[in-house]
Amino acid sequence: MEQNSKYIIATMLSVGLLSCIYFLSLLLPVPFMVSILVILVSIFFLFKFIITTKTAAGQSAEQQLPWQAVLGFGLCAALLVKNALGVAEKHGGWDAWAIWNFHAGYLSEPVYWKNLFRNIESDHPDYPLCLPSVIGFFYRLCAHHFTIIIPFAFSMLVTVSIPALLFSEFIRKNMVVALFITFLFAQDKVFLGFGVAEYADSLLALFLLGAFVCIDHAIENKRYLLLSAACLGGCIWTKNEGAILAGLFLLFNARIFFQLKNIRYTIGGLALPVITLVIFKMNAHVQNDMVNSLNKETINLILDIERYKTIWHSFTDNLNQKFYYVKIGVYIYLILLLIEKKWPDWQMLLVFTCLLVYNLIYVVTTHGLEWHLQTSQDRLMHQLMPAMVYILAKKLAGIRVSYPLEQA
């Protein structure tokens, strides 16, 4: 793995680590200065663990990038910031100030934070707290100053990290592909709009992308298997649907993650976020609205053909209007497979499966179907988009990654 990729992965996992430790410190309770000290020490050792992880034999972590690559990335980064500022709202999108930053405000109060569980009529107190815990921690650290700047700065960090990780992974393999996909993200105002909306979807997308990147490097060092599992733990602790993504990822790679010689890495990566989520759910005492709404009428929803047509039409509209270049990329990918007379690899099948499961959830929703699709389907597609671009870029760059640890 490239050294720059390691720093991005370490920063991403530090976010999850900070979030878990801070949330658990509210439950104990622990003095804030003790929480800060534990967080700093934990992040230090996490960075040391990741940065010192050995790369593939013969790969130079110190080799400088070509000046053309640095200049190209700098220009794309400037374009990304310009376009992001152009679509940003002062307080983020509706979900930001009504849910995510709203919860963060509670979590910045060590005495009254549990009051967030009381608003069960118009809020979602069952939503995992990775993002709100991070924002709440910095609210408290800054004595409730900069409450507009903190969530925006964090959302920008997450938004920039996605193309930066992709750039880092491809720049030494295929400079043209690396710069092209970085430019695509920089000019994609739909991607940037979701990023600076201050929602949790981009953070979930980053964790999922990290899981794909890390497992591709697990053939180099089994530590990356642990890091991939930790990224999946981040998915679980970020959003409820993150459990779906993590579950399917583990299922597709069960023979790797659950081998006796590898299971300690899997448990090591998943343990903290899963334990934190379980403790959170036990304290929330609130059922998920989707799960709670399933009843004997659900079978009638499943048999209603019109619902499937509505979902499909909404999906194709979102694909054509908001993810068009991903659609073109998939067509190119399939054409290349036909030429090579090959089937899609497990990563592409996994993303397709995640997309299918996401859309099947709409079949049984008891919310107004059209409203539910309009307010969430594009965000669910956004969660999967960076991972999809990563898979497509590998194909275009002519990169073949052995099935993780298949020769271990």
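Read on for a plain summary of the structure. Note that the structure is predicted; figures quoted are calculated from it, not measured. (Residues numbered from 1 in each chain as written. Predicted model: local features only at pLDDT ≥ 70, side-chain atom pairs only at ≥ 80, totals over all residues. Heavy atoms only, no water.)

Moving on: the overall build of the chain. Along the backbone of the chain there are 19 helices and zero strands. In summary, the chain has a C-alpha radius of gyration of 21 Å against a globular reference of 22 Å for 408 residues, a match within 12%. With respect to the principal axes defined by its C-alpha atoms, the chain has extents near 55 × 55 × 50 Å. Taken over 408 residues, the chain has a buried fraction of 53%. For the chain, long-range pairs separated by at least 24 residues make up 83% of all intrachain contacts whose partners lie at least 6 apart in sequence. Charge separation in the chain, taken as the distance between the mean sites of 29 positive and 25 negative side-chain charges, equals 9 Å. (Helix = DSSP H or I, 4+ residues; strand = E, 2+ residues; numbered from the N terminus. Rg over C-alpha atoms; globule rule 2.2 N^0.38 Å. Buried < 20%, exposed > 50% of the residue type's maximum accessible area, 1.4 Å probe, protein only. Contact = heavy atoms within 4.5 Å. Lys, Arg positive; Asp, Glu negative; His and termini not counted. Charge placed at Lys NZ, Arg CZ, Asp CG, Glu CD.)

Moving on, we come to the packing of helix α3 (residues 67–87) against helix α8 (residues 189–196). Look at α3 against α8: their axes get within 9 Å of each other, and the N-to-C directions meet at 65°. Seen from above, α3 lies across α8 with right-handed handedness. Contact residues: Leu 80, Asn 83, Ala 84 and Val 87 in α3; Lys 189, Leu 192, Gly 193 and Val 196 in α8. Partitioned by chemical class, the residues of the contact of α3 with α8 number five nonpolar, two polar and one charged. (Axes fitted to C-alpha atoms, helices over the stretch in contact; angles between N-to-C directions. Left-handed = near helix turned anticlockwise from the far one by under 90°. Nonpolar A, V, L, I, M, F, W, Y, C, P; charged D, E, K, R; others polar.)

The next thing to look at is the pattern of salt bridges. In the structure shown here, the tally under the stated rule is 10 salt bridges. Residues Lys 239 and Glu 241 are paired through a salt bridge, measuring 3.0 Å at the closest nitrogen-oxygen approach. Glu 241 carries the same exposure label as Lys 239, and that label is buried. With a shortest N-O distance of 2.6 Å, Lys 322 and Asp 378 are connected by a salt bridge. Highlighted residues: Lys 322 in helix α16 (residues 305–322) and Asp 378 in helix α19 (residues 369–396), separated in sequence by 56 residues. Using a relative accessible area of 27% as the deciding quantity, one classes Lys 322 as partly exposed. Since its relative accessible area comes to 9%, Asp 378 is described here as buried. (Salt bridge = Lys/Arg side-chain N within 4 Å of Asp/Glu carboxyl O.)

Here Leu 337 is to be found in helix α17 (residues 324–340). C-alpha of Leu 337 to C-alpha of Lys 395: the two residues are 58 residues apart in sequence and 9.5 Å apart in space.

Scanning all chains against the criterion turns up 22 aromatic pairs. Consider the rings of Tyr 22 and Phe 32, whose centres lie 6.3 Å apart with planes at 75°: the pair is edge-to-face. In this pair, Tyr 22 is assigned in helix α1 (residues 3–27) and Phe 32 in helix α2 (residues 32–51), connecting sequence segments 10 residues apart. Taking the relative accessible area as the measure of exposure, Tyr 22 reaches 0% and is therefore buried. When the centroid spacing of 5.8 Å and the interplanar angle of 85° are considered together, the rings of Phe 249 and Trp 346 count as edge-to-face. Placement of the pair is Phe 249 in helix α11 (residues 242–252) and Trp 346 in helix α18 (residues 346–364), with a sequence separation of 97 residues. (Phe/Tyr/Trp six-rings, centres within 6.5 Å; stacked < 30°, edge-to-face > 60°.)

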